Amino acid sequence: MKQTLGIRFSKYGQVLACLCDAEDDAPLSVGEYAIVTTEQGLHCGKVAWQRPWQEDMEAALKAANAAIRRMGSNLDSDDSGEDGAENSAPMPTARRATDEERMAADGNALLSREAYAFCRQCIGERGLDMKLVDVEVLFDRSKMIFYFTAPTRIDFRDLVKDLVRQYRTRIELRQIGVRHETQMLGALGNCGMVCCCRRYLHKFAPVTIKMAKEQNLFLNPAKISGICGRLLCCLSYEQENYDSFHRSCPKLGKRYQTTDGPMRVLRSNMFRNSVVVLPDGGQELEMTLEEWQALKPSRAETPAVPQSKEQKPQQNSMMVVSAAPETLEDVLAELAAIEPEAEAASAPSREVTMLDSEEAQHKKKPRHHPSNDHEKSRRPRTGRDKGRHTAESAAHEDGER
């Protein structure tokens, strides 16, 4: 039977759509182990969902797999021009895992816990300012991935040496953000339930402070922020409804000319699908958007203000370092060359300018210019003072001669 499976390799990871063609074997059910063959090799995971294969759904599933690959490789979908090639790539194939393969998967889970404890011990001994989150071991143990968070750049060359010498395989240190850290560790949200990213949310949607403003929420960081310190993911759940309402709703605070006379829009209510208006010389009225449109509102057109093109915020690049026993020395040499450049780029510029020289400092001092007030405050010279000044000048000239 040909069926489509959703395979999850970690407990809270992304679900990869795979194709299973079990002709003589019984179809796989949810919760069973499956071996998936991908470009990176073999992977063992559990079936998250299954359904009969349908040709019309294959294109959508390929697009979902391409999105998962881009997220895993830290690529931006807007910058990558290979969407068509990724969507046309064949779906990974899956099969039922044998008893030996299930035992190997359990052994990898045990190795992951041991590597987590060993890496934390090395971090403490080295005194590194980083927090280890999770350790992932591939099915064939060809690579081990260590996920960590850090506030700044970390020089973990000695840590890579310890891990490579201990496990004699390819080691990859991958820096993640606070959202993914909360997803891996889990926590209780402000609503009293387990965080959405821990339960079912496996793809983070962009959340902005504009969403909180459009939803008329109090801009209190303690109320609109999650455990991770970022804006709540649930702010984006209803944003589509708010956008649809604001597109059909008149602008607040503006005057409109209607069949019943000029009116000013005061408030709007998305839940009632209504607006509150104030006619000239009348009282506030609440009417639905259908009733408002029936009044044929119009407003004097104002010249559009050219808006500057918004620039995308630059995301902080996360550190990803991969090293194998045979390439350890080359990777450490590259890290040693990159580290001074990164420190120089992050340090403030200390170039010597003319303003730092002694001559410039001398020029900075304000010159003394006698003002009119100063001239007025001076005591006028008398005849005796003038004679004394003339005598002193003559004596000085005789001395020079």
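Residues numbered from 1 in each chain as written. Predicted model: local features only at pLDDT ≥ 70, side-chain atom pairs only at ≥ 80, totals over all residues. Heavy atoms only, no water.

## Details of the packing of aromatic side chains
Threshold: Aromatic rings from Phe, Tyr and Trp, taking only the six-membered ring of Trp, are treated as a pair when their centres fall within 6.5 Å; an angle between ring planes under 30 degrees marks them as stacked, one over 60 as edge-to-face, and anything in between as tilted. Numbering of helices and strands starts at the N terminus; helices are DSSP runs of H or I of at least 4 residues and strands are runs of E of at least 2. Throughout, exposure labels follow a simple rule: accessible area from a 1.4 Å probe, protein chains only, divided by the maximum for the residue type, with under 20% read as buried, over 50% as exposed, and the rest as partly exposed.
Enumeration according to the criterion identifies three aromatic pairs in this entry. Summarising the aromatic geometry, the rings of Y256 and W292 are spaced 5.5 Å apart at their centres and angled 90 degrees between planes, so their arrangement reads as edge-to-face. Residue Y256 is found in strand β9 (residues 255-258), and its partner W292 is found in helix α10 (residues 289-294); the two are separated by 36 residues along the sequence. An identical accessibility class is assigned to Y256 and W292; each is buried.

## So, unusual backbone geometry
The phi dihedral of R141 falls on the positive side, at around 55 degrees, and the residue is not glycine. Position of R141 among the secondary structure elements: in the loop between β6 (131-137) and β7 (143-149).

## Considerations on the nonpolar core
For clarity, the threshold we go by: Note on terminology: a nonpolar core comprises buried Ala, Val, Leu, Ile, Met, Phe, Trp, Tyr and Cys residues joined through side-chain atoms within 4.5 Å. Contact criterion: two residues are considered in contact whenever any of their non-hydrogen atoms come within 4.5 Å of each other.
Counting 30 residues, the largest nonpolar core has M130, M144, F146, F156, L159, L163 and L173 as its most contacted members. Sorting the residues of this core by element identifies α3 (99-126), β6, β7, α4 (157-167), β8 (170-175), β13 (320-323) and α11 (328-346) as the ones contributing at least two each. Filtering out sequence-adjacent residues up to four positions away, F146 remains in contact with A115, C119, L132, D134, V135, L163, I171, E172, L173 and R174.

## Quick notes on helix α5 (residues 178-185)
Because an α-helix packs 3.6 residues into every turn, residues spaced three or four apart end up facing the same way. Of all the residues in α5, the buried ones are R179, E181, T182 and Q183. One or two steps after α5, the chain reaches G186, where phi turns positive at roughly 85 degrees.

## A closer look at α3
Applied cut-off: Helix span, as expected, comes to 1.5 Å for every residue beyond the first.
Helix length check: α3, at 28 residues, gives a terminal C-alpha distance of 41 Å against a target of 40 Å (1.5 Å per residue), a fit within 8%. Among the residues making up α3, those that are buried are E101, A105, N108, L111, S112, A115, C119, C122 and I123. Buried residues in α3 make contact with β3 (33-38), β4 (41-52), β5 (93-96), β6, β7 and α4.

## Digging into the sheet that holds β8
The strands making up a sheet associate through backbone hydrogen bonding, with each pair oriented either parallel or antiparallel. Quick reminder of the rule: The criterion for strand pairing is that DSSP finds at least two bridges linking the strands in question. Lines are fitted to the C-alpha atoms to define the axes, a helix being fitted only along its stretch in contact, and any angle between axes, read from their N-to-C directions, falls within 0 to 180 degrees.
The strand order across the open sheet built from four strands is β6-β7-β8-β13, with neighbouring strands paired in mixed fashion. Single-partner strands in this sheet number two, and they are β6 and β13. Shown here is a sheet whose adjacent strand axes are inclined to one another by a mean of 15 degrees, direction ignored. With six bridges connecting them, β7 and β8 associate as parallel partners. Note that in β8 the partner of M144 across the bridge is I171. Set on the sheet, α3 makes contact with β6 and β7; between it and β6 the angle comes to about 150 degrees. Of the strands in this sheet, β7, β8 and β13 touch α4, which is tilted by about 140 degrees from β8.

## Some points on the pattern of salt bridges
What counts is decided by this rule: Within this document, salt bridges are pairs made up of a side-chain nitrogen of Lys or Arg and a carboxyl oxygen of Asp or Glu, the two lying within 4 Å of each other.
Tallied over the entire structure, the rule returns 13 salt bridges. For E101, the salt bridge identified is with R95, shortest N-O distance 2.7 Å. The exposure class of R95 is partly exposed, given its relative accessible area of 37%. In the salt-bridge network here, residues are joined through shared partners; they are R126, D158 and D162.

## Focus on the sheet that holds strand β12 (residues 285-288)
In spatial order, the strands read β9-β10-β11-β12; together these four strands make up an open sheet with antiparallel pairing. If you trace the sheet from one side to the other, it starts and ends with β9 and β12, each paired once. In this sheet, adjacent strand axes meet at a mean angle of 45 degrees when their direction is disregarded. Relative to strand β10 (residues 261-269), β9 is paired through four bridges, and the arrangement is antiparallel. Looking at the pairing, R255 lines up with R264 of β10.

## Quick look at the environment of D129
With respect to the helices and strands, D129 occurs in the loop between α3 and β6. Assessed through its relative accessible area of 49%, D129 is described here as partly exposed. Separated by 20 residues in sequence, D129 and T149 have C-alpha atoms that sit 9.1 Å apart. Setting aside residues up to four positions removed in sequence, D129 forms contacts with A150, P151 and I154.

## Digging into the pairing of strand β1 (residues 2-8)
Burial within β1 is extensive, with five of its seven residues counted as buried. Inspection of the sheet shows β1 paired to β4 by six bridges, in the antiparallel sense. Bridging across to β4, Q3 finds its partner in P52.

## So, a positive patch on the surface
Rules: Excluding any residue in a salt bridge, patches collect residues exceeding 30% relative accessible area, merging like charges within 9 Å and nonpolar Val, Leu, Ile, Met, Phe, Trp and Tyr side chains within 5 Å. Surface exposure here means Shrake-Rupley accessible area, sampled with a 1.4 Å probe, where a residue is shielded only by the protein chains that are shown. Think of it this way: Lys and Arg go in the positive column, Asp and Glu in the negative one, and His and the chain ends go nowhere. Note that the charge is assigned to NZ on lysines, CZ on arginines, CG on aspartates and CD on glutamates.
Together, K251, K254, R264 and R299 make up a region of like positive charge exposed at the surface. Along the chain, K251 turns up in the loop between α9 (239-248) and β9.

## Regarding the environment of L173
Mapped onto the elements of the fold, L173 is located in strand β8. L173 gets classed as buried once you look at its relative accessible area, which sits at 1%. Along the backbone, L173 and V321 are 148 residues apart, and their C-alpha atoms lie at a distance of 5.2 Å. Apart from the residues lying within four places of it in its own chain, the contact partners of L173 are F146, F148, F156, L159, V160, L163, M319, V320 and V321.

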